[in-house]
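Overview (structure and organization)
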Amino acid sequence: MPKAPEQIELDQAWIGAEELPVHFANAFTGTPGPNAIFLNIGSQVPPEITSQDDLERLREKGYIPVKPIVRIALSPGGLDELIEALKTVRSNHRKLVKELEGPQS
């Protein structure tokens with residue numbers, strides 16, 4: 001009978017991530033599928049409205065465009081891992097901001 005493969009835990013090293021472009025993202029949507037969750041991440045710039053005509057044109061158009069940045073598919077477990085990673089990053093960011101603000105008088 002074949003022997004089961006040995007499981008080992010290794011750290012991850014993100015090689016080259018700092019070389020990738022950074023995109024501002026402020027628009028997010030997701031669609032559940034039978035085996036994956038599809039996430040769309042994009043950037044939306046508020047329209048410039050300087051007149052009543054601009055406002056009317058926007059109303060006629062009926063939407064504000066979102067520029068897609070990335071579309072990814074995650075397994076349900078991968079989505080759970082992403083959620084946990086985002087919670088950790090948010091917590092670390094809050095701690096950093098408090099440290100940078102220093103003691104409040």
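So, how was this worked out
- Residues numbered from 1 in each chain as written.
- Predicted model: local features only at pLDDT ≥ 70, side-chain atom pairs only at ≥ 80, totals over all residues.
- Heavy atoms only, no water.
- Polar contact = N/O pair within 3.5 Å; in protein donor to acceptor, adjacent residues only side chain to side chain.
- Helix = DSSP H or I, 4+ residues; strand = E, 2+ residues; numbered from the N terminus.
- Patch = residues over 30% accessible without salt bridge, like charges linked within 9 Å, V, L, I, M, F, W, Y side chains within 5 Å.
- Areas by Shrake-Rupley, 256 points an atom, 1.4 Å probe, with all protein chains shown as cover.
- Salt bridge = Lys/Arg side-chain N within 4 Å of Asp/Glu carboxyl O.
- Buried < 20%, exposed > 50% of the residue type's maximum accessible area, 1.4 Å probe, protein only.
- Pairing = 2+ DSSP bridges.
- Axes fitted to C-alpha atoms, helices over the stretch in contact; angles between N-to-C directions.
- 1 Å grid on protein atoms, 1.4 Å probe; cavity = no way out; pocket = protein on both sides within 12 Å on 5 of 7 lines; lining within 4 Å.
- Points joined across faces, edges and corners; volume = space filled by probe spheres on them.
- Nonpolar A, V, L, I, M, F, W, Y, C, P; charged D, E, K, R; others polar.
- Contact = heavy atoms within 4.5 Å.

**Side note on helix H1 (residues 52-61)**
Its side-chain oxygen at 3.3 Å from the backbone nitrogen of Asp 53, Ser 51 defines the N-terminal cap of H1. Of the residues flanking the end of H1, it is Gly 62, one or two places downstream, whose phi is positive at about 85°.

**A few points about a nonpolar patch on the surface**
A cluster of nonpolar side chains, Ile 69, Val 70 and Ile 72, forms an exposed patch at the surface whose accessible area comes to about 180 Å². Since its relative accessible area comes to 35%, Val 70 is described here as partly exposed.

**Some remarks on the sheet that holds strand E2 (residues 37-43)**
Across the sheet, which stays open at both edges, the three strands sit in the order E1-E2-E3 with antiparallel pairing between neighbours. On the outer flanks of this sheet lie strand E1 (27-32) and strand E3 (67-74), each paired with one strand and no other. Adjacent strand axes in the sheet meet at a mean angle of 15°, parallel and antiparallel pairs treated alike. Sheet topology places E1 next to E2; six bridges connect them, and they run antiparallel. Bridged to Thr 29 within E2 is Asn 40.

**Description of the layout of surface pockets**
What the largest pocket holds in volume is close to 520 Å³. For the largest pocket, the lining is made up of 18 residues, of which Ala 25, Phe 28, Ile 41, Val 70 and Ile 72 are closest to its centre. Residue contributions to the lining of the largest pocket peak at four residues, all from helix H2 (residues 76-101). Of the residues contributing to the lining of the largest pocket, the split by class is 15 nonpolar, three polar and no charged.

**Some details on the environment of Asp 54**
Mapped onto the fold, Asp 54 is located in helix H1. In this view, Asp 54 contacts Glu 48 and Ile 49; residues no more than four positions away in its chain are not counted. Side chain to side chain, Asp 54 and Thr 50 meet in a polar contact 2.8 Å long.

Worth remembering: the numbers are spatial, not functional.
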